[in-house]
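Observations on chain architecture
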Amino acid sequence: MTTPKSPSAPEPAARARSGRRAVVASMVGTTVEYYDFLVYGVAASLVFGKLFFPQVDPAAGVLLSLSTFAIAFVMRPIGAAIFGNLGDRVGRKRVLFLTMMLMGIGTFAIGLLPTYRTIGILAPILLVLCRLVQGLALGGEQAGGFVMSVESSGDNRRGLAGAFVNSGAGWGLLLANLLFLVLNELPGDAFLAWGWRIPFLLSAVLVLVGLYIRVKLDESPEFVRVENAPAVKRVPLVDAIKRGWRPMLLVMLCCLGTHVNFYVVTVYSLTYGTSVLHHPKTTLLSMLLIVTAMYMVSTPLFGLLADRFGRKQVFVVSAIALVLTPFAFYPLLGSGSYLPMVAGFVLLFLAVSANSAAEPTFFALSFPPSIRYSGLAVSYGLGAVLGGSFAPLISAALFKSSGSWTTVAIYNGGAALISVVAGLLLRELPRLSTKTSTAHSGSTPQAV
């Protein structure tokens, strides 16, 4: 006599498909975020001063346009608080659809904006408003993607899932770099006249792909288990600060090493390499393309190692590497020889890649499901502001005051040392079973 198949037999396969869809959707969101980071930064440096702030002298116009770039960093913690709270209150899926839609609206609208010559002072005001929308959306997007992908994946693949989401940063930077290489071939003043709009308008393609995938997403299984439990408060963010202030503080400090070194490599190295070392900009950009492609491949591989040896172990070891590698990066960059310069970029970016691979799962699992989105989004957003927004400026100021790369390397390595200590103190919470997670979700386990 044959035993009939259980109706629940296909459930593991269905859960696996749902998990993969959540990971891909989150990775697309990270891709859009970093694509936007680069295209806006390049446009702010090259054309926004002339198009939106022509009433001031050119140098002041560039500074004003770059200040609109910084607004997104300032708005990230605010967006994190708003969308993190919503994500813990109404669910991850709805909020991630909203953040992706807002990102798309803000970026696409920039590509359609009339310039100062057409509508006067209203042009820079609209530019700032679009950037505010982008910053708010970004505050909830990346951390929400971490949470959704980690919660939707199996226990033995959570590190890989989170790392794959973070590999989207490489895809975003690669796509933007390739697009600007093509646009660089435009004749005459075509880029200033209309070419700068193309990257912003093309972002709609990435956003539509992300929205299509997110429409088909299932809600995170862990949120489903706790959404009707007493642990879900009316204002989860307040609960996160009360119960999760310690992991929030540690996650914020853990972010410093990766963000400082990432933005030093992708932003400050161009300024230092061209203005101080007098390397051709095309040479440095080619090296960035090499390490960006490497990042896309190596980050998921480090995610596999994190699942094998532990997320905390990979995070701490890679953070230690970030303490040391800046002291090799700057001398190799100053060598003037192509292969040693590439080696310096690779060494530093491998450490960044390993650290980035461990972050999503290590950080997300440091919070209980009922406050996970709020706790992670706010602490990660604040860490990004403290580590990323000021890193190029601080590095430039240190070199100007000392005249030596050593002070910059000390700053880069010192930020990573703070991350080492915070990573040693941060702990993942014990995994609660499906049966008990709802019953016990009202209290934070003592492992925190």
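Residues numbered from 1 in each chain as written. Predicted model: local features only at pLDDT ≥ 70, side-chain atom pairs only at ≥ 80, totals over all residues. Heavy atoms only, no water.

Filter applied, for reference: UniProt positions are given in the numbering used here, feature names are shortened, and annotations may be inferred rather than shown by experiment.
The name recorded for the protein chain in an unreviewed UniProt entry is MHS family MFS transporter, from Amycolatopsis rubida. Under the UniProt heading Subcellular location (unreviewed entry), the note attached to the protein chain is "Cell membrane".

**Topic: the overall build of the protein chain**
Note the threshold: Segments assigned H or I by DSSP are reported as helices when at least four residues long, segments assigned E as strands when at least two residues long, and all are numbered from the N terminus. Note on classification: 1.4 Å probe, protein chains only; a residue is buried when its accessible area is under 20% of the maximum for its type, exposed when over 50%, partly exposed between these limits. For this analysis, residues touch if any pair of their heavy atoms sits within 4.5 Å. The Shrake-Rupley method, run with a 1.4 Å probe, gives the accessible areas here. Residue values count only the displayed protein chains as cover.
Across its full length, the protein chain carries 19 helices and 0 strands. When burial is assessed residue by residue, the protein chain has 55% of its 448 residues classed as buried. Contacts in the protein chain between residues far apart in sequence, at least 24 positions, make up 84% of those at least 6 positions apart. Per element, the accessible surface of the protein chain, about 18500 Å² overall, is 71% carbon and sulfur.

**Some thoughts on a nonpolar patch on the surface**
Spelled out, the test is: Candidates for patches are residues over 30% relative accessible area with no salt bridge; among them, like charges are joined within 9 Å and nonpolar side chains (Val, Leu, Ile, Met, Phe, Trp, Tyr) within 5 Å. Whenever Lys or Arg places a side-chain nitrogen within 4 Å of a carboxyl oxygen from Asp or Glu, that contact is recorded as a salt bridge.
On the surface, Ile78, Ile82, Leu86, Val90, Leu98, Met101 and Ile105 cluster together into a nonpolar patch covering about 520 Å² of accessible area. Residue assignment for the nonpolar patch shows that the elements contributing at least two residues are helix H2 (58-90) and helix H3 (92-112). If you tally residues by element for the nonpolar patch, the top one is H2, at 4 residues. Checked against the element boundaries, Met101 lands in helix H3. Taking the relative accessible area as the measure of exposure, Met101 reaches 33% and is therefore partly exposed.

**Topic: helix H17 (residues 391-402)**
Keep this limit in mind: Take the residue count of a helix, subtract one, and multiply by 1.5 Å to get its expected span. Note that the arc is defined by the directions from the helix axis to the C-beta atoms.
Compared with an ideal rise of 1.5 Å per residue, which puts 12 residues at 16 Å, H17 spans 16 Å between its outermost C-alpha atoms and is within 8% of the ideal. Taken as a whole, H17 has its buried residues at Ala391, Pro392, Ser395 and Phe399. Buried residues in H17, looked at end-on, bunch into an arc of 100°, giving them a common side. Among the exposed residues of H17, those pointing more than 90 degrees away from its buried face are Leu393, Lys400 and Ser401. Check the buried side of H17 and you find it contacts helix H11 (236-276), helix H16 (372-389) and helix H18 (405-425). The first or second residue beyond H17 is Gly403, which carries a positive phi of 75°.

**What about H18?**
The cut-off we apply is this: Within 3.5 Å is the distance limit for a polar contact, defined as a pair of N or O atoms, with the added protein rule that one can donate a hydrogen and the other accept it, and that residues adjacent in sequence qualify only through two side-chain atoms.
Taking 1.5 Å of rise per residue, 21 residues should cover 30 Å, and H18 covers 31 Å from first to last C-alpha, within 8% of that figure. Every buried residue of H18 is accounted for by Val408, Ala409, Tyr411, Asn412, Gly413, Ala415, Ala416, Ser419, Val420, Ala422 and Gly423. Where H18 is buried, its residues touch H11, helix H13 (311-324), helix H14 (326-333), helix H15 (338-364), H16 and H17. Between a side-chain oxygen at the N-terminus of H18 and the backbone nitrogen of Thr406 the separation is 3.1 Å; the capping residue is Ser404.

**A short note on the pattern of salt bridges**
All told, the structure shown has 11 salt bridges when counted by the stated rule. Close ionic contact of Glu141 with Arg214 constitutes a salt bridge, the shortest N to O distance being 2.6 Å. Residue Glu141 is located in helix H5 (residues 122-151), and its partner Arg214 is located in helix H9 (residues 197-215); the two are separated by 73 residues in the primary sequence. Each member of the pair, Glu141 as well as Arg214, is classed as buried.

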